[in-house]
Amino acid sequence: MAITDFFRNFAPISKTKITMNQEDIILQLKKDLENAKSTAAKALEERDAALQRLKDYEEKIEKAEKASKMKSLFLANMSHEIRTPLNAIEGFSRVIAETDSPSERMKFLEIVESNNNRLLSLINEILDLSRVESGEITMKITLCNLTEICNNIKQIFKFRCPENLDFKADVPSKSVLLKTDPNRLTQVFSNLISNALKHTIRGGITYGYKVDEINNQVVFYVSDTGSGIDPKDIDSIFLTYVSKDAEKKNGYGLGLPLSKILVEKMGGKIGVRSVVGKGSTFTFVLPFDGTYATSETTKSNPIITRTLRNKPVGDMSKLKLVLVAEDEECNFELVKNVLANRYRIIRARNGVEAVTMNEDEQPDIILMDIRMPDMDGIDATRIIKEVNPGVPIIALSAYALTDSIQMARQAGCDEFIAKPFRVEDLLQTLDKYAKKSR
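Residues numbered from 1 in each chain as written. Predicted model: local features only at pLDDT ≥ 70, side-chain atom pairs only at ≥ 80, totals over all residues. Heavy atoms only, no water.

*Asks:* What am I meant to see in helix α8 (residues 351-361) here?
*Replies:* What sets the pattern is the α-helix's 3.6 residues per turn: residues three or four places apart point alike. Taken together, the buried positions of α8 are G351, A354, V355, M357 and N358. Summarising the contacts, the buried residues of α8 are in contact with β9 (321-325), β10 (344-348), β11 (365-368) and α9 (377-387). Near the N-terminus of α8, the side chain that reaches the backbone nitrogen of V352, with its oxygen 3.0 Å away, is that of N350. (Buried < 20%, exposed > 50% of the residue type's maximum accessible area, 1.4 Å probe, protein only. Helix = DSSP H or I, 4+ residues; strand = E, 2+ residues; numbered from the N terminus. Contact = heavy atoms within 4.5 Å. Polar contact = N/O pair within 3.5 Å; in protein donor to acceptor, adjacent residues only side chain to side chain.)

Structure below.
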């Protein structure tokens, strides 16, 4: 074969191979380009995700810093709110001891009682917040007279409302009996009124309720002529620890958040309308689960016992014997003075002594503290109830959370009275069991 023929035959083959190599290269380049685009897209997605995570972290840090700041303000304000009534209680207690005038003593006693209620209300709100955060808050539903509740609230704020403010209740002519928790309802009203008092210098505060028969609900409200609320703060006033009052050291910022939680727990809703410089109206509604009162009979408010004195009896042996299990000296002295000339008193300083003295002395009633050395009141109650199941045991303790009350009940306690206790409550409870043992 001639050389020319050889190259003539080879040329098409060589051209085909070159063409196929170029197509492969192009395909590979396209594939590489697609891979690069995919890698770039993934990189962009990862970058966007990283930026979003960074933004989320920044927001969390900002919220954490704000929460930390607000909790610090909360603790500072809490210190102020606790020390203020304590100062009045401590100071006027000394003044009462050194005052000869009965009228002045009564006046100072009312101041002490007012500040005691203020301090107790604060403690209860702190405990309620703890219960809310742990999901333990419960409602005790009963049929209650709403007009009586409003009248009682007026007495609560009798000494807290300045004389220059017009403080009044607005209730319908026909009282409403509603199935709800009267204590929680009173607490919501008290929180809203306390909030109004902080922001109202002149004018007045009106609170009350009315029946919305069309929507089958009861509408409660607290209206004031105070400073009002800035529109930008409306959405945050019901949030825990972010109250503007806390920032301005004008309260501790728990009342409104707790009110919202309590209202929702009772099956209702709460809201506010406000105009800066003119005042605010807080409104909450509850389902109308109840009826109208058949007669306008108003129960008289409970009379506060103004003296602990009781006339001495001739034969002390006829009095019921009460065993007081209490390790704190001052607490025992208080109980002893309250029960003086009403009951015979013996004391156990711990759970072991309470068990022993129950067997030796056979008391008619036992007042049992929960936290005591050697043996606590829970174990002591279990043992005593096994030996003498008929003896009434009344827990008298500062451990007033739901779990503590349930533990005391399960151990065998017939009643639970939380410290600080009202003298009337203690005497009424003792009298109830003293009559049963006759």
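Moving on, there is more to tell.
*Asks:* Looking at this structure, how should I read the sheet that holds strand β13 (residues 415-418)?
*Replies:* Hydrogen bonding along the main chain pairs the strands of a sheet, whether they run parallel or antiparallel. Overall, parallel pairing links the five strands, which are arranged β10-β9-β11-β12-β13 in an open sheet. The sheet is open, and its two borders are formed by β10 and β13, each paired with just one other strand. Across the sheet, the mean angle separating the axes of adjacent strands is 20° when strand polarity is ignored. Contacting β11 and β12 (393-397), α9 crosses the sheet at an angle of about 160° to β11. On the sheet, helix α10 (residues 402-411) packs against β12 and β13 and is oriented at approximately 150° with respect to β13. (Pairing = 2+ DSSP bridges. Axes fitted to C-alpha atoms, helices over the stretch in contact; angles between N-to-C directions.)

*Asks:* Quick question: what am I supposed to make of helix α6 (residues 255-265) here?
*Replies:* Taken together, the buried positions of α6 are occupied by G255, L256, P257, L258, S259, L262 and V263. Just downstream of α6 lies G267, where phi reads positive at about 90°.

*Asks:* Help me out: how do you make sense of the environment of A434 in this one?
*Replies:* Turning to its location among the elements, A434 is positioned in helix α11 (residues 423-436). Residues A434 and L321 lie 113 residues apart in sequence; the distance between their C-alpha atoms is 9.4 Å. For A434, the residues in contact, after removing those within four places along its chain, are K320, Y343 and I365.

*Asks:* Please explain the packing of aromatic side chains as it appears in this structure.
*Replies:* For any two aromatic rings, the description comes down to two numbers: the centre-to-centre distance and the angle of the planes. This structure, assessed with the given rule, holds 10 aromatic pairs. Summarising the aromatic geometry, the rings of F189 and F220 are spaced 5.8 Å apart at their centres and angled 80° between planes, so their arrangement reads as edge-to-face. Residue F189 is found in helix α4 (residues 182-199), and its partner F220 is found in strand β5 (residues 217-224); the two are separated by 31 residues along the sequence. The residues F189 and F220 share a single accessibility class, namely buried. Three or more aromatic residues joined by ring pairs make a cluster, and in this case those are F157, F167, F189, Y207, Y209, F220 and F284. (Phe/Tyr/Trp six-rings, centres within 6.5 Å; stacked < 30°, edge-to-face > 60°.)

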